[in-house]
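Analysis of the macromolecular model
For reference, the chains in residue letters:
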Amino acid sequence: MNSDEFRKYGHEIVEWIARYYENIEQYPVKSKSAPGSVKAALPAIPPTGSESFDLFLKDFDDIIMPGITHWQSPNFFAYFPANSSPPSVLAEMLTAALGTQCMIWETSPAAAELEERMMEWLREMTGLPSCFEGVIQDSASSATLAAIITAREKVTRYASNREGLSVAGRLRVYCSAQAHSSVEKGAGVAGIGRENLVRVPVKGDYSIDTDALRKAVEQDLSAGFVPCCVVATLGTTGTTAIDPLRPVGEICREKNIWLHVDAAIAGTALLLPEMRWMADGMEYVDSLVFNPHKWMFTNFDCSAYFVRDAASLIRTFEILPEYLKTRTRGTVNDYRDWGIPLGRRFRALKLWAVIRTYGVERLQEMIREHIRLAKMLAGLIEAEKDFKVMAPVVLNTVCFRFEPEGMSLEQANRLNEKINHKLNDTGRIYLTHTTVDGRYVLRMVTAQTTVSERHVLNAWEMIKDYVSALSAEHGAVDVD
Ligand SMILES: Cc1ncc(COP(=O)(O)O)c(C=O)c1O
């Protein structure tokens with residue numbers, strides 16, 4: 001592709017993106033593709049000769065777009081937010097254009113130093129302790145893995161990296177029963193073993209039961225295990241429960257255990273002074289991850305990982321092949337030493353674009369509005385006969401369920417599952433579910449970049465209309 005063609009297609013693609021955002025509500029939110037249909041439309045073998053880029057764009061529209069689920073739609077209420085924004089997309093284009101590898105300072109000083117500055121900005125914006133240092137990781141899963149491995153190294157005095165896990169004793173990791181699966185994956189990948197992840201029971205609000213945590217740690221100590229890391233969650237995936245950091249931290253301090261905080265979703269809410277209560281006890285925290293690629297209008301991937309003692313992280317991951325030796329080593333941040341991959345994308349650029357374009361105050365307003373929408377929706381649900389809010393609404397997620405009087409738990413489970421699928425099949429909204437205490441629960445997340453009160457109210461009307469149509473059709477609600 002020559003420069004003229006690049007310019008022509010570049011303009012076309014920016015135009016395509018602008019139109020996409022303008023018309024996003026016209027697409028079915030959840031893709032209606034049948035399994036295998038996209039693959040079947042693709043040739044089994046690659047072209048031997050060159051094809052025109054027009055053909056690529058045509059196939060993108062005809063084959064790929066029908067198989068896309070529209071996460072940026074304001075009618076997307078599923079899973080968790082993964083919101084993006086125009087400044088983020090434009091900066092990402094520049095990152096792709098530069099194609100720079102940000103593994104060490106010398107491979108692009110601006111990338112390393114912008115990353116350092118952006119982590120300082122995020123630390124300031126979220127009110128994290130000034131001694132924390134940060135690095136951008138690809139995902140919260142990678143950051144949590146890095147935390148568990150660092151905790152493992154610390155507890156084994158950095159011997160397990162060198163000599164293997166036989167020196168480690170029987171290590172244990174703890175998290176709540178509601179913690180994200182990345183903690184279990186991390187414990188497995190770190191060689192600690194999934195069976196050595198202790199899932200601590202939760203209380204009525206789905207936050208970790210700290211008495212049970214203390215008991216589990218003490219029992220393990222008397223049985224000869226070595227407690228290594230506790231992962232507390234701010235904003236669990238299912239119900240956005242908030243683990244209390246202070247009592248968890250006191251246990252960790254007393255027993256000398258690394259405390260990592262998975263704030264993948266909730267970290268963004270720390271931009272709001274009124275949400276800083278979640279950070280009470282931060283002085284006990286060794287590391288924390290939050291995802292601007294979830295709720296801070298920055299497209300995937302961009303995970304902010306903070307550590308109190310960066311030296312322990314670096315000591316865990318540092319490795320120095322000859323070809324990466326530099327004269328600046330030790331005087332600059334070489335971020336390949338701060339995590340698992342060597343090659344790193346220039347992710348700080350989109351963060352810079354987002355923070356500057358919106359400004360902290362506008363970001364705060366948008367986040368505050370998402371929380372308001374969730375609380376408004378919870379109020380509407382509570383006011384409706386036979387609907388119940390199933391977990392405290394603290395952030396951007398509402399867990400609820402239709403539970404007509406006299407219906408058994410299993411029947412109500414099947415009914416809510418049916419409601420979920422039928423609504424998603426319309427293509428007009430997309431919500432997902434979780435289970436709490438054996439109950440199938442619908443979830444709505446109100447944190448997409450362009451979501452507004454109108455979208456939330458429309459979705460709620462659709463849910464109510466569907467449920468009353470079911471009742472009218474069958475006299476009583478038909479479950480099957
Ligand atoms: C609480 C929590 N932690 C971790 C993750 C994993 O995030 P990532 O995709 O960045 O690894 C998620 C994703 O849903 C999450 O909700």
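Everything that follows concerns the structure shown earlier in this document.
The rules we used
Residues numbered from 1 in each chain as written. Predicted model: local features only at pLDDT ≥ 70, side-chain atom pairs only at ≥ 80, totals over all residues. Heavy atoms only, no water. Helix = DSSP H or I, 4+ residues; strand = E, 2+ residues; numbered from the N terminus. Buried < 20%, exposed > 50% of the residue type's maximum accessible area, 1.4 Å probe, protein only. Lys, Arg positive; Asp, Glu negative; His and termini not counted. Salt bridge = Lys/Arg side-chain N within 4 Å of Asp/Glu carboxyl O. Polar contact = N/O pair within 3.5 Å; in protein donor to acceptor, adjacent residues only side chain to side chain. Pairing = 2+ DSSP bridges. Axes fitted to C-alpha atoms, helices over the stretch in contact; angles between N-to-C directions. Contact = heavy atoms within 4.5 Å. Near = heavy atom within 4 Å. Areas by Shrake-Rupley, 256 points an atom, 1.4 Å probe, with all protein chains shown as cover. Nonpolar A, V, L, I, M, F, W, Y, C, P; charged D, E, K, R; others polar. Expected span 1.5 Å × (residues − 1).

**Comments concerning the side chain of Asp286**
Its location among the elements puts Asp286 in the loop between β5 (258–262) and β6 (287–290). One buried charged residue, Asp286, remains without a salt bridge, the closest side chain of opposite sign being Arg308 at 4.9 Å. One polar contact links the side chain of Asp286 to the main-chain amide nitrogen of Leu259, over a distance of 2.8 Å.

**A short note on the sheet that holds strand β10 (residues 432–436)**
Judged by pairing direction, the sheet is antiparallel, and its four strands sit side by side in the order β8-β9-β11-β10 without closing on themselves. On the outer flanks of this sheet lie β8 (387–389) and β10, each paired with one strand and no other. When strand polarity is set aside, the average angle formed by the axes of neighbouring strands in this sheet is 40 degrees. The sheet contact formed by β8 and strand β9 (residues 397–402) spans three bridges and is antiparallel. By the bridge assignment, Phe387 is partnered in β9 with Phe402. Across the face of the sheet, helix α13 (residues 348–383) comes into contact with β8, β9 and β11 (439–445) while running at roughly 15 degrees to β9.

**With respect to the pattern of salt bridges**
What the rule picks out here adds up to 36 salt bridges. A salt bridge links Glu403 to Arg401, with the shortest nitrogen-to-oxygen separation between them at 2.6 Å. Comparing Glu403 with Arg401, the two get one shared label, buried. Of the charged contacts in the structure, one is a salt bridge between Arg439 and Glu403, with a shortest N-O distance of 3.5 Å. Of this pair, Arg439 sits in strand β11 while Glu403 sits in the loop between β9 and α14 (409–425); the two residues are 36 residues apart in sequence, bridging distant segments of the chain. Given the relative accessible area of 27%, Arg439 is considered partly exposed. If you follow the salt bridges from partner to partner, you end up with Glu92, Asp301, Arg345, Arg347 and Lys350 in one network.

**Some words on the site of the ligand**
The local shell around the ligand holds 14 residues, among which Ala140, Ser141, Thr237, Asp262 and Lys294 are the closest. The contact in question runs from an oxygen atom of the ligand to an N or O atom on the backbone of Ala140, over 2.8 Å. At a separation of 2.8 Å, an oxygen atom of the ligand approaches a polar side-chain atom of Thr237. Relative to its free-state accessible area of 400 Å², the ligand is covered by the protein chains to the extent of 91%. A class-by-class count of the residues in the shell around the ligand yields four nonpolar, eight polar and two charged.

**Side note on helix α5 (residues 109–126)**
For α5, spanning 18 residues, the distance from its first C-alpha to its last is 26 Å, which sits close to the expected 26 Å at 1.5 Å a residue. Burial in α5 covers these residues: Ala111, Ala112, Leu114, Glu115, Met118, Met119, Leu122, Arg123, Met125 and Thr126. Buried residues along α5 sit against β1 (133–137), β6, α11 (292–295), β7 (303–307) and α13.

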